[in-house]
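Each chain is listed here by its residues.
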Amino acid sequence: MDSPTVKHISDCFIKPQYLSEESKHPFYLTSWDLAMLSAQYIQKGLLFAKPQKQGNFMEALLEKLKHSLSISLVHFYPLAGRLKTVKTENPPSYFIYVDCQESPGARFIHASLDLTMSDILSPVDVPSIVQSFFDHDRASNHEGHTLSLLSIQVTELIDGVFIGCSMNHSLADGTSYWNFFNMWSEIFQAQGSTSSISRPPVLKRWFPEGHGPIINLPYTNPDEFISRFEAPPLRERVFHFSAETIAKIKAKANAESNTTEISSLQALSAFVWRCITRVRRLPSHQITSCRMTTNNRSRLNPPLSENYFGNVVSVIRGFTAAGELLEHDLGWAAWKVHEAVVGLNDKAVQEWLDAWLKSPIVYQIGRLYDPYSVLIGSSPRFNKYGNEFGMGKAVTLRSGYAHKSDGKVSCYPGREGGGSIDLEMTLLPDNMLALESDNEFMEAASFVSPLDSN
């Protein structure tokens, strides 16, 4: 018997309810945006339980989602556009921007899957079918020339609804992504009011003084800067860390470092770094690092608004030899991570920007992948469970295929809040099996089916 597959029922494009004057002008991309052209779309989504009394529930839900999305796109109008390249030979130039006028809009898909929420959430590993809950699978951001920059897929399960959002990563980082999701939810709950939203995006482009809005890339053809990254077969699990457990890990890290400056996330990241390094059984001299994606808005001087829409992220790196990492205690590792975080200040960010503007590059995910390191992404600080669409609080959060590799760890807030954290981890099968046998890790982590807490 064949396994159930996701079936697309309908497909349409949603335009902003009306076009603002600003949307009639090009939306320019910054250094951080352009560097992401070869990366993949951000793919995150929320699973909701269907109401008991359904009637014409799905039909009404889909219409409300489309209507509130069209209003949301008035505020976030670049997401309804398409990328456009302007290339000239004399003088030579090659730049990419967002055309917000000549576009059919954001894509909206209604799909179905003949499975229950339990079929998705009860297995120890995240089922691969979850990747089918998202549009633009494996697409590069550069494909936003022809693909929608935003795609919403609403997948109807037997007893649940999954709302998956794929957003072009050359337009937005995690902060901007979740602000859009939050504001879409806010508009939905306000029954489509267009008057105002609590956190309108700041769409004015930010460039270092003397640069922008047009940034020429040193290329003549996309083949020179676009590459595909195909991850090896991986196992994916979600581990839960209670607020009490995280508090203990943080207290231990600070006590061992004789400080109070190490944060909960820094301590937990160091804990995971040490555990994964241990089960990988690396040679003692092998350099390993704990890399973390960081929001630079507050690091700039003057700072940017948290509502600034775009990419404003860096990847920081605490590193050492594998043997040294495991010979020292948790506090020592956590201090390495802490030093990397505090070292990223306005001066460091400006230096990166200056170097990039002198020699622009587009990140190649395959070349950045380091099989000896851990990459901590997303953030438990994002308001993920505050998004509601008439079905109450989401049961859980899941992500798509994008950007997963051996040692990728995504941090989500625990559903119960209070400082709890869920870690979505992808590892090579042998490494995951070893981690499941690692006493220190498994004593701290737990597997809690979201259905048990719903």
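Residues numbered from 1 in each chain as written. Predicted model: local features only at pLDDT ≥ 70, side-chain atom pairs only at ≥ 80, totals over all residues. Heavy atoms only, no water.

Taken as a whole, the second largest pocket spans an internal volume of roughly 290 Å³. Lining the second largest pocket are 23 residues, and of these H240, T396, D422, V448 and P450 sit closest to its centre. Contributing elements (two or more residues each) for the lining of the second largest pocket: β9 (235–241), β13 (396–399) and α13 (450–453). Here the residues of the lining of the second largest pocket sort into 14 nonpolar, 4 polar and 5 charged. (1 Å grid on protein atoms, 1.4 Å probe; cavity = no way out; pocket = protein on both sides within 12 Å on 5 of 7 lines; lining within 4 Å. Points joined across faces, edges and corners; volume = space filled by probe spheres on them. Helix = DSSP H or I, 4+ residues; strand = E, 2+ residues; numbered from the N terminus. Nonpolar A, V, L, I, M, F, W, Y, C, P; charged D, E, K, R; others polar.)

Time to look at the packing of aromatic side chains. All told, the structure shown has 24 aromatic pairs when counted by the stated rule. Measuring from centroid to centroid gives 6.2 Å for W32 and W352, while their planes differ by 5 degrees, and the two rings are stacked. Separated by 320 residues along the polypeptide, W32 in helix α1 (residues 31–34) and W352 in helix α9 (residues 346–358) bring together distant segments of the chain. Given the relative accessible area of 5%, W32 is considered buried. Every member of this aromatic cluster is reached through a ring pair, and the members are F48, F76, Y177, W178, F180, F181, W184, F188, F309 and F389. Across from the ring centre of Y401, 3.7 Å away, lies the NZ or CZ of R138, which sits over that ring. Positioned above the aromatic ring of F319 is the side chain of R317, whose terminal nitrogen or guanidinium carbon lies 4.3 Å from the ring centre. (Phe/Tyr/Trp six-rings, centres within 6.5 Å; stacked < 30°, edge-to-face > 60°. Buried < 20%, exposed > 50% of the residue type's maximum accessible area, 1.4 Å probe, protein only. Lys NZ or Arg CZ within 6 Å of the ring centre and 35° of its normal.)

A full pass over the atoms with the stated rule returns 22 salt bridges. Between K248 and E244 there is a salt bridge; the shortest N-O distance is 3.8 Å. Taken together, the positions of K248 and E244, both in helix α5 (residues 243–257) and 4 residues apart, correspond to about one turn of that helix. Accessibility classification places K248 together with E244 in one group, the exposed group. Note that K347 is salt-bridged to E351, the shortest N-O span being 2.6 Å. Residue K347 and its partner E351 are located together in helix α9, separated by 4 residues, close to a single helical turn. One network of salt bridges, with partners in common, ties together D125, R235, R237 and E436. (Salt bridge = Lys/Arg side-chain N within 4 Å of Asp/Glu carboxyl O.)

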